[in-house]
Amino acid sequence: MQTLGYAARSATEALASFRFDRREPRPDDVVLDVLYCGVCHTDLHIARNHAGYTRYPVVPGHEIVGRVTQVGSAVTGFKVGDTIGVGCMVDSCQHCNPCRQGDEQHCEQGPTFTYNAVDRHDGQPTYGGYSKQMVVSEKFVLRIPDGLHPAGVAPLLCAGITTWEPLHRWKAGPGKRVAVVGLGGLGHMALKLAKALGAEVTLFTRSPGKEADARRLGADHVVLSSDAGQMGAVAGHFDLIVDTVPYEHDVNPYLPTLRFNGTLVLVGYMGPLNTPVSAGALVFGRKAIAGSFIGGVAATQEMLDFCGEHGVVSDVEVIPIQQINQAYERLLKSDVKYRFVIDMASLQIEQA
Ligand code: NAP
Ligand code: ZN
Ligand code: ZN
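Residues numbered from 1 in each chain as written. Chains lettered and ligands numbered in written order. Predicted model: local features only at pLDDT ≥ 70, side-chain atom pairs only at ≥ 80, totals over all residues. Heavy atoms only, no water.

**Quick look at the pairing of strand S10 (residues 177-181)**
So, point 1. Burial of S10 is extensive: four of the five residues sit out of reach of the surface.
So, point 2. Taken together, the five bridges between S10 and strand S11 (residues 200-205) define a ladder with parallel strand orientation. Along S11, the bridge assignment pairs Arg177 with Glu200.
So, point 3. Between the parallel pair S10 and S11, the chain is carried across by helix H5 (residues 185-196), and the sense of this crossover is right-handed.
So, point 4. In terms of strand pairing, S10 meets strand S13 (residues 238-243) through four bridges, oriented parallel. Paired with Ala179 across the two strands is Ile241, which belongs to S13. (Buried < 20%, exposed > 50% of the residue type's maximum accessible area, 1.4 Å probe, protein only. Helix = DSSP H or I, 4+ residues; strand = E, 2+ residues; numbered from the N terminus. Pairing = 2+ DSSP bridges. Right-handed = clockwise from strand over helix to strand, strands pointing away.)

**Details of the sheet that holds strand S15 (residues 288-291)**
So, point 1. With respect to topology, six strands assemble into an open sheet ordered S12-S11-S10-S13-S14-S15, the strand pairing being parallel. For this open sheet the edge positions go to strand S12 (221-224) and S15, each flanked by a neighbour on one side alone. Across this sheet, the average inter-strand angle for adjacent strands is 20°, counted without regard to direction.
So, point 2. As judged from the five bridges shared by S13 and strand S14 (residues 258-266), these two strands associate in the parallel manner. Note that in S14 the partner of Leu240 across the bridge is Thr263.
So, point 3. Sitting on the sheet, helix H4 (residues 159-169) is in contact with S10, S13 and S14, with an inclination near 160° to S13.
So, point 4. In the packing of H5 onto the sheet, contacts are made with S10 and S11, and the angle to S11 comes to roughly 165°. (Axes fitted to C-alpha atoms, helices over the stretch in contact; angles between N-to-C directions. Contact = heavy atoms within 4.5 Å.)

**Describing the coordination of the zinc ion (ligand 3)**
So, point 1. Donor atoms from the polypeptide that coordinate the zinc ion (ligand 3) comprise Cys93 (SG), Cys96 (SG), Cys99 (SG) and Cys107 (SG), at 2.3 to 2.4 Å from the metal.
So, point 2. Considering all four donor atoms around the zinc ion (ligand 3), angles at the metal cover 105 to 120° and the coordination shape is tetrahedral.
So, point 3. Linear spacing of the donor residues for the zinc ion (ligand 3) on their chain is C-x2-C-x2-C-x7-C. When sorted by exposure, Cys96 lands in the same class as Cys99, which is buried. (Donors = N, O, S within 2.8 Å, 3.2 Å for Na, K, Ca; no water. Tetrahedral: all angles 85-135°; square planar, octahedral: opposite > 155°, others 65-115°.)

Here it is in structure tokens:
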């Protein structure tokens, strides 16, 4: 079926409208009209080929809320008219060890990502949520709890699950002290989720102007990371630090703020850390640096259900798709409160 979206055609070109084909639905597929799609910093990294593996044209978008318009003959969990979510993955091998444990994001054969990947059955490129329609296997479709605004839900499909996963794994909850580095899309979800889970929550930020917002979003304390006095005041304090910074940065200043057995979990930047880390900073106090990558389908559903129960959604700035390139420039300046979400109805006026 032919559909319309927005694509980057090279690392240096602005995104522009793009007509392309989606596969005809297979028996286990759900067809959806995209209602809203969040704008993740990863979309920008991929559109501009920051990691060197982008295949053009690329249609980004993996924080998707849509409405079901058609279901394949074998679909049992969804029906026409349902409001559903699609996140960062659309398929995986389903039988390796991580897949069987519900960690499809760590599939040993590699999960099929929502965009900039190749469908494992027909070899065709996958295209993301900056588009009118999608076709996705029901195994990777999420139920959206009633009562949450769909625009605010969209970012839960990546920013939400990516921060939920380490909070959950490292048992953030009452009596635990959690810090979040960076107040952007992931960071603001981390504050909200950590607070809703009952932890004591602190934000580390470079930006003095974000303090009031951080407190509104759930932070009990705010630490300006450039202020040595403020950093010293939280020495030995945190059980868990979730670091969402998207670019190379020095993690050494954060390690002394971990308490005994504490862990700093990297979820933002994925390249080399250029400032060496002293082994002693980890050895003494049994501290750890770890990483975490999105989350599996079952965990994503659990997070969405938790958000439904606790009324947690993202703080969004809804934009028409025609503003996507300006939105990327603002992301680079950390000028977003706190997630751009594209209203896909804006695509109706495109005449590609
Ligand atoms: P974002 O909305 O742009 O927020 C990033 C925040 O980090 C900024 O608001 C800023 O907060 C801080 N920051 C930015 N540049 C910095 C720098 N050079 N040094 C220190 N702090 C800086 O980005 P996002 O959408 O939350 O994504 C964050 C990162 O996570 C991206 O790299 C994205 O690709 C990655 N990601 C990873 C996963 C995963 O599964 N692991 C999933 C989704 C996204 P302050 O102004 O408060 O300092
Ligand atoms: Zn993302
Ligand atoms: Zn697998």
